[in-house]
Amino acid sequence: MAQGTVIHVAPKQPTYAVCVLGTNTHLEVHSSAPQGCTSFGISASPGVVVDVAHGPPVKKTPTGSSKWPLDPGLEVQISYYGPKTSPVQALLYITGVEISLSADITRTGKEKPTKARKDQRTWTWGPQGQGAILLVNCDKDNRKSSTMDCADDKVLDREELQDMSLVTLNTKTPRDFFTKHQLVLHVAKSEMDKVRVFQAHRKKQSSEYKVILGPQQPSHLLKVPGGQHSTEFYMEGLAFPDASFPGLISLTVSLLDTSKPELPKALVFQDSVAFRVAPWIMTPNTQPAKEVYVCSISENEDFVASLSALAKKAKCKLTICPLEENMEDQWMQDEIEIGYIQAPHKTLPVVFDSPRNRGLKEFPIKHLLGPDFGYVTRGPQTGDISSLDSFGNLEVSPPVTVGKKKYPLGRILIGDSSFPSTKSEEMHQALQDFLTAQQVQAPVRLCSDWLAVGHVDEFLSFVPVHKKGFRLLLASPRACYKLFQEQLKEGHGEALLFKGVKKTKQQNIKDILSNKKLREQNSYVESCIDWNREVLKRELGLTERDIVDIPQLFKLHSQPSGTLKAEAFFPNMVNMLVLGKYLGIPKPFGPIINGRCCLEEKVRSLLEPLGLHCTFIDDFYTYHLRHGEVHCGTNVRREPFSFKWWHMVP
């Protein structure tokens, strides 16, 4: 409930005070009691509700007297009081006014906010939670603008208001009330650079919107006429939650008494509405795909054609970034991650731009940022970044339950070093802080620095499955050796890996199985994946039945730092594109058994019974040999969750 003031009354002379309807105004009677008085009584005009609070509780006298003992801790509301004998009156004259802020604290998405409620000063999570929601206005409704909407202090049209949250100030006062009182709207100085507030000024043909709060503007003196009046404000978020900003903002209106010019202004009343800035949310492979992104580069026409056919099957839009704009940087997955933000009245996709800033640096700004498509970035824009700051190293699980803890929006997965050292790498702290601060997809750190590129999408993926909802796919040298051993026993030891692939050494199953060095390297890789396997089972609440092992071999190569790191021995099938039930899987060029690739057949036997359709795409020269695969070279915009983030409890 909004906070009112404390009123002290005096005997034999009237006291004048302002009371705001719907608030508790505290009346202190003890300190003014005439000497010798031991009790008091109250009467009030109709419409004034009087409560008496006393500690400890006092029993009524048998006669039903309406008198209460005086006590230093006694608090009463609007009242008259007198002595036990020879009554002395203290008159209190009240001016009742209505002043309230209202917003969509019940999260219904209604254009007109609900009336003020007593709990609107606090923000709570969960289905029964309360509190308004604020979107960061990070799209660009005017395509001619050079920056995001939140970077300027203008409202171009009413469409832009849809990206903002409506707040209404309702006042009902005597006509001359504001000759001796003022209303001030304000936010904390620590929050003024996180929000901007526009005041609507209605005209006959149109409306104007003037900035009254924001950076360097923590407060604004409102010009409100007496009588009954309604003033509309529109709020836009300027910053996402981060390490130094929990995402909470309070908008407050204060009523000041200015009736005595020789004295400072006195605070009479305050009302506040708590807002939480909507978090940036990632979407997992299990969410329906809406649009696929890929780059056109030298000699990848066949790859793009295969991808186009797959997108058509999945009924997805395909967007191709031309060569002149990507500058031969085909790693679309590493440059961006497309998520979304949501308020009850509005949902929009938001691209998270990684700090890698190579040839695709301008793509998210020039081609994605626009009307109802937002943009955010974090981390250093030059220098001091590593491969682990690319977004192939940023994935998210489907919704999971871990014990009694539910993660209805899944959990973010990032790759990290197994332990810090002078040669180890980890995701930049600015990126980690941002992801953690969103609160709704608590990050899980996996060990990925054993890989040459160091990305989690090199050893895991998720695919949708009807009953469980999903399966976790893990790259598995163990499964690959088991498959090759079975083929050897069946007399296929001479079957060749990489048959038909130009400028690549062909190896048969027998030689691969007898290569002791390769087996030792894959034993090491398997131990790294097994470590992550246990982390994923523990942090995502999975069992072995939720995991599918995809046969895959790796090889170790010496890096410039002198350390050995793992790379895929043949195209890494787990690094796939998931478009609903349609999977775009790197073609492994495995041993041909009875006219079919045994690796492809094994993967089909694992995934197609789950209702999935496998399409193997040749990415060997343009992606695999450049240390990436299908997933690395693509990106997907997916449908937001139907679950509302504010219904969860982090």
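In case you missed it, the structure is sitting above this.
Residues numbered from 1 in each chain as written. Predicted model: local features only at pLDDT ≥ 70, side-chain atom pairs only at ≥ 80, totals over all residues. Heavy atoms only, no water.

What follows is about the packing of aromatic side chains. Tallying each qualifying case throughout the model produces 21 aromatic pairs. Relative to Trp-645, the ring of Trp-123 lies with its centre 6.0 Å away and its plane at 10 degrees, an arrangement referred to as stacked. A residue pair is termed long-range when its members are at least 10 positions apart, and Trp-123 in the loop between strand E8 (92–102) and strand E9 (132–134) and Trp-645 in the segment after strand E40 (634–638) qualify at 522 residues. Assigned by exposure class, Trp-123 and Trp-645 land together as buried. Seen from their ring centres, Phe-352 and Phe-391 are 4.8 Å apart, and the 40 degrees between their planes marks the pair as tilted. One end of the pair, Phe-352, is in strand E21 (residues 346–353); the other, Phe-391, is in the loop between strand E22 (374–377) and strand E23 (394–396), and 39 residues separate them in sequence. Pair check on accessibility: Phe-352 and Phe-391 agree, each one buried. Members of the aromatic cluster, connected to one another through ring pairs, are Phe-240, Trp-280, Phe-352, Phe-391 and Phe-434. Between the NZ or CZ atom of Arg-276 and the centre of the ring of Trp-123, over which it lies, the distance is 4.7 Å. Directly above the aromatic system of Tyr-407 lies the positively charged group of Arg-411, at a separation of 4.5 Å from the ring centroid. (Phe/Tyr/Trp six-rings, centres within 6.5 Å; stacked < 30°, edge-to-face > 60°. Helix = DSSP H or I, 4+ residues; strand = E, 2+ residues; numbered from the N terminus. Buried < 20%, exposed > 50% of the residue type's maximum accessible area, 1.4 Å probe, protein only. Lys NZ or Arg CZ within 6 Å of the ring centre and 35° of its normal.)

A sheet is described by the order of its strands in space; here 3 strands give the open sequence E35-E36-E39, paired in mixed fashion. Each end of this open sheet is capped by a strand with a single partner; those strands are strand E35 (577–579) and strand E39 (613–617). Each strand of the sheet is rotated relative to its neighbour by a mean of 20 degrees, with strand direction disregarded. Relative to strand E36 (residues 582–586), E35 is paired through 3 bridges, and the arrangement is antiparallel. Across the sheet, Leu-577 pairs through a bridge with Gly-584, a residue of E36. Relative to E39, helix H2 (residues 301–313) is tilted by about 165 degrees, and along the sheet it contacts E35, E36 and E39. Each of E36 and E39 is contacted by helix H10 (residues 598–607), which is oriented at about 155 degrees to E39, the strand it contacts most. (Pairing = 2+ DSSP bridges. Axes fitted to C-alpha atoms, helices over the stretch in contact; angles between N-to-C directions. Contact = heavy atoms within 4.5 Å.)

A separate point is the pattern of salt bridges. Enumeration according to the criterion identifies 25 salt bridges in this entry. Of the charged contacts, one joins Glu-526 and Arg-478 as a salt bridge, the two residues approaching to 3.2 Å between their closest N and O atoms. With Glu-526 in helix H9 (residues 516–540) and Arg-478 in helix H7 (residues 477–489), the pair connects residues that are 48 residues apart, well separated along the chain. (Salt bridge = Lys/Arg side-chain N within 4 Å of Asp/Glu carboxyl O.)

What follows is about the side chain of Ser-272. With respect to the element layout, Ser-272 can be found in strand E17 (residues 266–277). Accessibility expressed as a relative area gives 11% for Ser-272, which makes it buried. Side chain to side chain, Ser-272 and Thr-252 meet in a polar contact 2.6 Å long. Once you skip the residues sitting within four places of it in the chain, Ser-272 turns out to touch Gln-120, Arg-121, Leu-251 and Thr-252. (Polar contact = N/O pair within 3.5 Å; in protein donor to acceptor, adjacent residues only side chain to side chain.)

The next thing to look at is the nonpolar core. Counting residues in hydrophobic clusters, the biggest one holds 87 residues, and the most contacted among them are Leu-185 and Trp-645. With sequence-adjacent residues up to four places away left out, Trp-645 is seen in contact with Trp-123, Trp-125, Ile-133, Arg-276, Ala-278, Pro-279, Ile-281, Gln-342, Leu-409 and Val-440. Counting 65 residues, the second-largest nonpolar core is a separate cluster that includes Cys-447, Cys-480, Leu-536 and Val-578. (Core = buried A, V, L, I, M, F, W, Y, C linked by side-chain atoms within 4.5 Å.)

Another point: the environment of Pro-322. For Pro-322, the position within the fold is in the loop between strand E19 (317–321) and helix H3 (323–326). The spacing of Pro-322 and Cys-295 is 27 residues in sequence and 6.2 Å in space, taken between C-alpha atoms.

As a further point, take the sheet that holds strand E26 (residues 412–416). Strands sit in the order E23-E26-E27 across an open sheet of 3 strands; the sheet is mixed. Every other strand in the sheet has two partners, leaving E23 and strand E27 (444–447) as the edge strands with one partner each. Here the average twist between neighbouring strands, direction ignored, is 35 degrees. In this sheet, E27 lies alongside E26 in parallel orientation, the contact comprising 4 bridges.

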